[in-house]
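Residue-level structure breakdown
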Amino acid sequence: MNRPIIALDFPDKVSVQLFLNKFPKNESLFVKVGMEIFYKEGPSIVTWLKDLGHDVFLDLKLHDIPNTVRSAMKSIASLGVAITNVHAAGGQEMMEQALLGLKEGTPEGQQVPELIAVTQLTSTSEQQMHTDQLITCTLNESVCHYAEITAESGLAGVVCSALEVDMIKQRTSRDFICLTPGIRPADAVVGDQKRVVTPREARDIGSSYIVVGRPITKSNIPYESYLKIKNEWNGVD
Ligand code: C5P
């Protein structure tokens with residue numbers, strides 16, 4: 001069964017440990033390590049999670065000059081993560097160099113991590129994009145353009161809103177990865193997310209992976225909430 005990726009948005013390792021203690025010991029999870037926990041705990045948080053048997057999406061959204069991103073990706077590759085990412089706004093050369101760095105840094109016999117790109121952050125409105133970035137096209141057009149240059153750079157996919165999946169796949173390919181946050185079960189609190197879809201809708205829309213944070217991390221019964229979302233995501237009632 002496909003596993004939803006759990007966003008480990010916690011301030012430190014102790015909080016992550018307390019959360020993971022609520023899951024059966026041998027349950028292998030797919031987790032997202034973001035900036036908050038990574039900058040607090042360092043790369044050892046990733047190796048610790050890997051040693052516990054979990055798969056990791058390292059969500060650090062790199063955006064720098066091509067040479068720096070290549071070197072950083074070389075270091076990231078040594079951690080054995082399954083997925084990592086960059087900002088497409090860094091450009092094609094940066095994305096190509098990122099991919100090269102990942103290939104160079106992956107130990108012999110191990111799988112090269114999937115590299116995906118952030119297009120326009122879902123927190124950016126069309127108005128903000130016009131004013132702050134001086135990009136004058138529509139937000140959808142900008143998202144599609146970034147998805148296209150991501151595909152041309154040889155990356156595996158993008159992080160996007162589930163509502164953008166169809167449009168992006170039409171402009172790239174059906175197997176282009178669309179990893180989608182902003183997922184809420186029908187009965188969950190929406191919080192600060194604006195355009196949310198249920199796990200079932202995400203599946204019907206064609207999301208490749210779903211990222212779920214608070215509906216699991218803030219639940220009083222995290223494992224039950226996780227299983228419910230996992231079943232819905234896999235179309236199991
Ligand atoms: O708690 P929630 O389910 O809203 O968490 C979603 C996770 O996905 C968070 O870690 C958030 O930073 C991340 N994310 C997002 N929207 C994006 C990219 C990442 O919500 N466009």
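Just so it is clear, the structure is predicted and the values come from calculations on it, not from any experiment.

Moving on: the site of the ligand. Every residue near the ligand is listed here: A7, D9, K32, T122, P181, R184, Q193, V211, V212, G213, R214 and P215. Measuring from an oxygen atom of the ligand, one finds a backbone N or O atom of G213 at 2.8 Å. Contact between the ligand and R214: an oxygen atom at 2.7 Å from a side-chain N or O atom of the residue. Broken down by secondary-structure element, the contributors of at least two residues to the shell around the ligand are β8 (209–212) and α10 (214–217). Considering only residue class, the shell around the ligand consists of five nonpolar, three polar and four charged.

As a further point, take the sheet that holds strand β4 (residues 83–87). Around the barrel, which closes on itself, the eight strands sit in the order β1-β2-β3-β4-β5-β6-β7-β8 with parallel pairing between neighbours. Each strand axis lies, on average, 25° off the axis of its neighbour in the sheet, ignoring direction. As defined by bridge partners, strand β3 (residues 55–62) adjoins β4 across three bridges and the pair is classed as parallel. Paired with L58 across the strands is T84, a residue of β4.

So, about the pairing of β3. Residues in a regular strand point their side chains to alternate faces of the sheet. Here β3 lies mainly inside the structure; six of its eight residues are buried. Where strand β2 (residues 30–34) and β3 come together, five bridges link them in parallel fashion. Bridge assignment links K32 to a residue of β3, and that residue is F57.

Turning to unusual backbone geometry, a few remarks are in order. In this structure, K61 is a non-glycine residue whose phi angle is positive, near 45°. According to the relative accessible area criterion, K61 is partly exposed, its value standing at 23%.

A few words on the environment of E152. Assignment of secondary structure puts E152 in helix α7 (residues 139–152). The exposure class of E152 is exposed, given its relative accessible area of 57%. Separated by 92 residues in the primary sequence, E152 and L60 have C-alpha atoms spaced 22 Å apart.

With that out of the way, let us pick up the packing of helix α4 (residues 66–77) against helix α5 (residues 92–105). α5 packs onto α4 with a crossing angle of 30° between their chain directions and a minimal axis gap of 7 Å. Classed by the angle they form, the pair α4 and α5 counts as roughly parallel. At the point where α4 passes α5, the crossing takes the right-handed sense. Taking contact as the criterion, the partners of P66, V69, R70, M73, K74, I76 and A77 in α4 are, on α5, E93, M94, Q97, A98, L100, G101, L102, E104 and G105.

Helix length check: α4, at twelve residues, gives a terminal C-alpha distance of 16 Å against a target of 16 Å (1.5 Å per residue), a fit within 8%. Three or more residues of α4 are buried, namely V69, M73, I76 and A77. Looking straight down α4, one finds its buried side chains confined to an arc of 90°; they lie on one side. The elements touched by buried residues of α4 are β3, β4, α5 and β5 (114–118).

Below, the discussion takes up the environment of E224. Within the secondary structure layout, E224 lies in helix α11 (residues 222–233). Once the C-alpha coordinates of E224 and K22 are considered, the two residues, 202 residues apart in sequence, prove to be 9.8 Å apart.

With that out of the way, let us pick up the side chain of K32. For K32, the location among the structural elements is in strand β2. Note on K32: relative accessible area 11%, which makes it buried. There is a polar contact of 2.7 Å between the side chain of K32 and the side chain of D59. When near neighbours in sequence (up to four residues on either side) are disregarded, K32 contacts I5, I6, A7, L8, D9, F57, D59 and V211.

Parameters and conventions
- Residues numbered from 1 in each chain as written.
- Predicted model: local features only at pLDDT ≥ 70, side-chain atom pairs only at ≥ 80, totals over all residues.
- Heavy atoms only, no water.
- Near = heavy atom within 4 Å.
- Polar contact = N/O pair within 3.5 Å; in protein donor to acceptor, adjacent residues only side chain to side chain.
- Helix = DSSP H or I, 4+ residues; strand = E, 2+ residues; numbered from the N terminus.
- Nonpolar A, V, L, I, M, F, W, Y, C, P; charged D, E, K, R; others polar.
- Pairing = 2+ DSSP bridges.
- Axes fitted to C-alpha atoms, helices over the stretch in contact; angles between N-to-C directions.
- Buried < 20%, exposed > 50% of the residue type's maximum accessible area, 1.4 Å probe, protein only.
- Parallel < 35°, antiparallel > 145°, perpendicular 65-115°, else oblique.
- Left-handed = near helix turned anticlockwise from the far one by under 90°.
- Contact = heavy atoms within 4.5 Å.
- Expected span 1.5 Å × (residues − 1).
- Arc of directions from axis to C-beta.

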